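For reference, the chains in residue letters:
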Amino acid sequence: MHLHSPAVEPGTVGPCPVAPDALQGIKRQQTNPARWNGSNWNEFAAALRQQGIELRENAAARAAFATDAGGTAYGLAHGVVIARNTEQVALLLRAAQAYRVPVTVSGGGLTTEGESVAFGGVLLDMTGMSRVLAIDAEAMTVRTEAGIFWHSLAEELRRQDLDYLSAPLNLTSSVGGTLGVGGIDVNSARLGCSADQALALQVVTPTGDIVECSDTHNAELFERVILGYGQFGIITAATLRVRRYTPLRMHYFYYASLATAIEDLQLIDRNEASDYSGILTILDCAVNVLVAFDSLEREAAFMAEWRPRLRGYGEFGFGLRTFAHYILRPWKLGEAWYLLQRKRELFPELRRPEYMRDGTMFDRSVVFSRAVWKFWGSRQMVIPDLATSAGKFVEAVKRGNAVCRKYFPHYTLYLVGIKLRPEHRAHYEMSCVPPDAEGWAYGCEFEPMMDAGVYSRDYLQSFKNEIYDIGVDMGASYYRFGGMMKGYIRRVFGDALVDRHLALKRAADPAMILNRHVIF
Amino acid sequence: MLDLAKSTLRAPRDYSACSGCNLCLLVCPVWRRTHDFSLTPHGRAKALQFGAAAGDIAASVQSCTLCAACEPVCPEEIRLVAMTLDLRRQLPQPAAMADLLAGMQTRASPSAAPALSSATVLLPGPALRDRPSTLARVRALLQRSGATALGADDGADIALALEAGGEIAQRRLDRFLRPLHGVKKIIVADGLLLRHLQPLLPGSKIIGVGEALSGLAAVRSALRAKDLYVIEARAYHADYQRLVRYYDSLRAAAGCSFNLDLQRIAIPAAARSLPQRLGLEAVDDGVQLRWILQGRKVTRIVVESMEDRAAFEQYGECPVVHLADLVDDGTSSV
Ligand SMILES: Cc1cc2nc3c(=O)[nH]c(=O)nc-3n(C[C@H](O)[C@H](O)[C@H](O)COP(=O)(O)OP(=O)(O)OC[C@H]3O[C@@H](n4cnc5c(N)ncnc54)[C@H](O)[C@@H]3O)c2cc1C
Ligand code: SF4
Ligand code: SF4
């Protein structure tokens, strides 16, 4: 393999030359796209105002959306529109199509590769559409505006003793932003990705038509919009399946080996032995399989049938084992100290008394979300990931873990299974679900802890590249699927599939205005 | 001249630490009412991170109700209330504040009221003073756990100046604080004042009226399972880590429901922006009250604060009582 380095015109900025060893064979797309040049902006702005759409052009309003949760992609919109209703969104897209003005949609803005950052044009803030429209406790469905945060939805559902099926752990991603990208939760191994709970959507197409779609009605649009990364329409409302709220009972099993823990996780998932399952690690030293149950019966059945087959230790046993391990390796005492500190900080947070009653955890989504932000959140977050079939997962995680070890003293791996729904195969095409996955797909996020040092953007980029390269090498996919890492999409899926989707995109969005930089 | 907001609330972390997690939006009454991101701590933080000055985000800064619900949820531990007050200080004072602030400079008497001899002092604030019968009941109840003096100077002007980000004359502050030095327990109705008094009077235990009353066995036993207990948001969030456990044990003991969300943050009832507090904008508590009551089967609303009582009474969904009204001690409170 050789590194192809395109010629650079004098006076222009060439492709970012970081980490050549990580870039073998990759067409470089990992930097921010060029800013849209602003042609027709004034006419477009006047047209919006004429139609009564509020457009904010002041610096403070635009600056508020200059980056996403990743904090490594920066862009400035020409103006910000707060979504208020579906008709307004449709008017906006019609005008944008007519004046060829790019529109970037932001929900929670919790992407980490700049997917929800506007590089010029309009930033459409969907959180303005955050009302729950109807809860049907008999049909067990909710109809909600799509800008709502999962947590706000949970608050409303809880007043009727209901809950959503699954959502990202961060709680402040939006329903629309999640249905468009997938969404994984610690119950995804049983219930599928968050997007799978959508029964019907109201979508504004890139040309400004308002369309209702579902598996049976405008099914083709439904297929493309679910897991469609905002390419084929803006989700303005969604009908979701819901369930009865249950507090849960949680158990942790500790492993020293990633491979053993993953095998046991897959055993649990295949047999639906628990209601929630996942792996959270401190480095690769404390590998923590967590399982949880919606009822005492499920917990008891697990303890009787499955616990004896798991190779993980309890907290005390693992403590002893770890002590013995480090006492024989005194040069690794720094690592041991870190593990201890981390455990001391993190575990009380997961067991805060106001959320625990008689060993049962109430509002697990709040507990997890607080911990996620407190222990993993920061102004810069790089969380590259790999999504593979069950069979390839151990190797992918091991290789990704070696990359983490190389780049960072401290990091966490978060691993979950995602049950695939055969009838949703069409949704999964060219998405975070790898094409060769059957039954379950598995995802691993590789999250460095930034607290210990200051890292350059180039360093972080090199780290991500090395993780993403594993995906190319293994024929996997990625949960974080577009934005600055979109160059990898062609590499993993091949030109034919990507070009077919591009043709669909061009047909649906003739001026290529909607989220134009995210995938293509 | 003393800048109270600055001296007592020097923020260890400022807006530059904001990671953009959005958690503050989930609890913010201004967000719930407007769904306008620019009017939230996150919106302000991002604007400031990218070079905005206080004047560029003035409407956002003034819209904050200082309910402090955002502060305990902020994973970056940004002192969001202090930051908002800091920004308010950088804005021109509203004309409506001018008289009050001038009065604090010129009319502040150098001689303070005599030191309070009682171990416990109640600073009732204007809303409770306006309802003398309720005030009498509050005092009568508090007397049950020891002599409780009424602070003649309850710092109402200081509380308002704090709210507006105004500067407070040192002499005025001295006059207010001097009688309180050495008092063991200070019960403060105004949650914002309470927050600021804690570091200024480190030797005193400073708690809200709600905590003081709900700690009494007679009051606790008068709570019913179908009551909705409305915690006063400002006092609660000022001492959140301690009070979240306190109210959790009250829930376990009394069995009633609370205006707490899933994050155990108190949903503010009468939440007022600065212009609303100064009477420059109409008050609309409807959104918050509807949200508190939505889906709850409640037969009585029990409030800690008089402002919340007035708001719920106006809303008129079900009977509203102040904590002090729960126990019949022979005084009338209507
Ligand atoms: C700390 C942290 C923890 C995370 N944990 C998890 C986790 O546990 N599980 C998980 O699945 N993910 C996780 N993520 C990733 C993130 O939550 C997901 O990408 C999330 O679903 C994004 O939702 P959002 O509303 O923030 O979307 P945004 O970031 O706003 O947008 C995502 C994409 O969808 C588009 N979009 C937004 N709204 C709409 C709409 N209404 N219609 C059409 N397109 C739209 C945007 O243009 C963008 O391309 C985490 C991220 C962070 C920063
Ligand atoms: S103090 Fe209250 S009103 Fe102000 S930003 Fe925080 S939550 Fe919103
Ligand atoms: S909670 Fe704190 S860190 Fe998160 S967005 Fe709000 S101000 Fe920023």
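Just so it is clear, the structure is predicted and the values come from calculations on it, not from any experiment.

*Asks:* What exactly am I supposed to notice about the site of ligand 1 here?
*Replies:* Residue and element names in this part refer to chain A. Of all residues adjacent to ligand 1, which total 34 residues, the nearest are Val105, Gly107, Asn170, Ser174 and Ile184. Contact distances for ligand 1 include 3.0 Å between an oxygen atom and a side-chain N or O atom of Thr178. Within the side chain of Asn515, an N or O atom sits 3.1 Å from an oxygen atom of ligand 1. Expressed as a share of its isolated accessible area of 960 Å², the protein-covered part of ligand 1 is 98%.

*Asks:* Explain the packing of helix α8 (residues 258-270) of chain A against helix α13 (residues 393-407) of chain A to me, please; I cannot follow it from the model alone.
*Replies:* A pair of packed helices is characterised by two quantities: the angle between their axes and the separation of those axes. All names here are of chain A. Packing of α8 against α13 brings their axes to within 10 Å, and their N-to-C directions diverge by 145°. Where α8 crosses over α13, the two elements pack in a sense that is right-handed. Residue-level inspection shows Leu258, Ala259, Ile262 and Gln266 of α8 in contact with α13, the latter providing Phe393, Val394, Val397, Lys398 and Asn401. Partitioned by chemical class, the residues of the contact of α8 with α13 number six nonpolar, two polar and one charged.

*Asks:* What is the right way to look at the interface of chain A and chain B in this model?
*Replies:* The parts lose accessible area when they come together, and the size of an interface is often stated as this lost area. The interface of chain A with chain B comprises 43 residues on the first partner and 48 residues on the second. Summed over both sides, the interface between chain A and chain B buries roughly 3,600 Å², with carbon and sulfur atoms accounting for 54% of that surface. The largest per-residue losses of area from chain A upon contact with chain B belong to Arg159(A), Glu354(A) and Arg379(A), which jointly make up 21% of the total buried on that side. Inspection of the region where chain A meets chain B yields three salt bridges. Where Arg56(A) meets Asp36(B), a salt bridge forms, and the shortest distance between an N and an O atom there is 2.7 Å.

*Asks:* Looking at this structure, how should I read the domain arrangement of chain B?
*Replies:* Residue and element names in this part refer to chain B. Taken domain by domain, chain B consists of domain 1 (15-89), domain 2 (97-107 + 117-212) and domain 3 (215-329). In this structure, domain 2 and domain 3 have C-alpha centres spaced 21 Å apart. Approximately 2,300 Å² of surface area, both sides summed, lies buried where domain 2 meets domain 3, with 57% of it carried by carbon and sulfur atoms. Interface area lost by domain 2 to domain 3 is led by Arg137, Leu141 and Glu211, which between them contribute 27%. In this structure, the connection of domain 2 to domain 3 is made through four salt bridges. The residue Glu163 makes a salt bridge to Arg277 at a minimum N-O spacing of 2.8 Å. Our count for the domain 2 to domain 3 interface comes out at eight residue pairs in polar contact (both at pLDDT 80 or more). Put simply, the parts of the chain that give the side of domain 2 that touches domain 3 at least two residues each are α9 (125-129), α10 (132-143), α11 (156-164), α13 (191-200) and α14 (209-214). The element best represented in the side of domain 2 that touches domain 3 is α10, accounting for six residues. Split by residue class, the side of domain 2 that touches domain 3 holds 15 nonpolar, five polar and seven charged.

*Asks:* Which parts of the structure should I look at to understand empty space enclosed by the protein?
*Replies:* Space left empty within the atom packing is revealed by a probe, the size of a water molecule, rolled over the atoms. For the structure on display, the rule yields 17 cavities of 30 Å³ or more. Within this model, the second largest cavity holds a volume of roughly 180 Å³. Taken together, 21 residues line the second largest cavity, and the ones lying closest to its centre are Phe65(A), Thr67(A), Gly108(A), Gly109(A) and His42(B). Partitioning the lining of the second largest cavity into residue classes produces seven nonpolar, eleven polar and three charged.

*Asks:* Looking at this model, I keep getting lost on the packing of aromatic side chains. Mind explaining?
*Replies:* All names here are of chain B. A complete count under the given rule lists 33 aromatic pairs over all chains for this structure. Ring geometry for Tyr236 and Tyr240: centres 5.6 Å apart, planes at 80°, overall edge-to-face. The pair formed by Tyr236 and Tyr240 is uniform in burial state, with each residue classed as buried. Each ring, one from Tyr246 and one from Tyr247, has its centre 5.0 Å from the other, and the planes form 90°; the classification is edge-to-face. In this structure Tyr246 comes out as buried when scored by relative accessible area, which is 15%.

Rules used throughout
Residues numbered from 1 in each chain as written. Chains lettered and ligands numbered in written order. Predicted model: local features only at pLDDT ≥ 70, side-chain atom pairs only at ≥ 80, totals over all residues. Heavy atoms only, no water. Near = heavy atom within 4 Å. Polar contact = N/O pair within 3.5 Å; in protein donor to acceptor, adjacent residues only side chain to side chain. Areas by Shrake-Rupley, 256 points an atom, 1.4 Å probe, with all protein chains shown as cover. Axes fitted to C-alpha atoms, helices over the stretch in contact; angles between N-to-C directions. Helix = DSSP H or I, 4+ residues; strand = E, 2+ residues; numbered from the N terminus. Left-handed = near helix turned anticlockwise from the far one by under 90°. Contact = heavy atoms within 4.5 Å. Nonpolar A, V, L, I, M, F, W, Y, C, P; charged D, E, K, R; others polar. Buried area = accessible area lost by both parts, 1.4 Å probe. Salt bridge = Lys/Arg side-chain N within 4 Å of Asp/Glu carboxyl O. Domains from an automatic or database assignment. 1 Å grid on protein atoms, 1.4 Å probe; cavity = no way out; pocket = protein on both sides within 12 Å on 5 of 7 lines; lining within 4 Å. Points joined across faces, edges and corners; volume = space filled by probe spheres on them. Phe/Tyr/Trp six-rings, centres within 6.5 Å; stacked < 30°, edge-to-face > 60°. Buried < 20%, exposed > 50% of the residue type's maximum accessible area, 1.4 Å probe, protein only.

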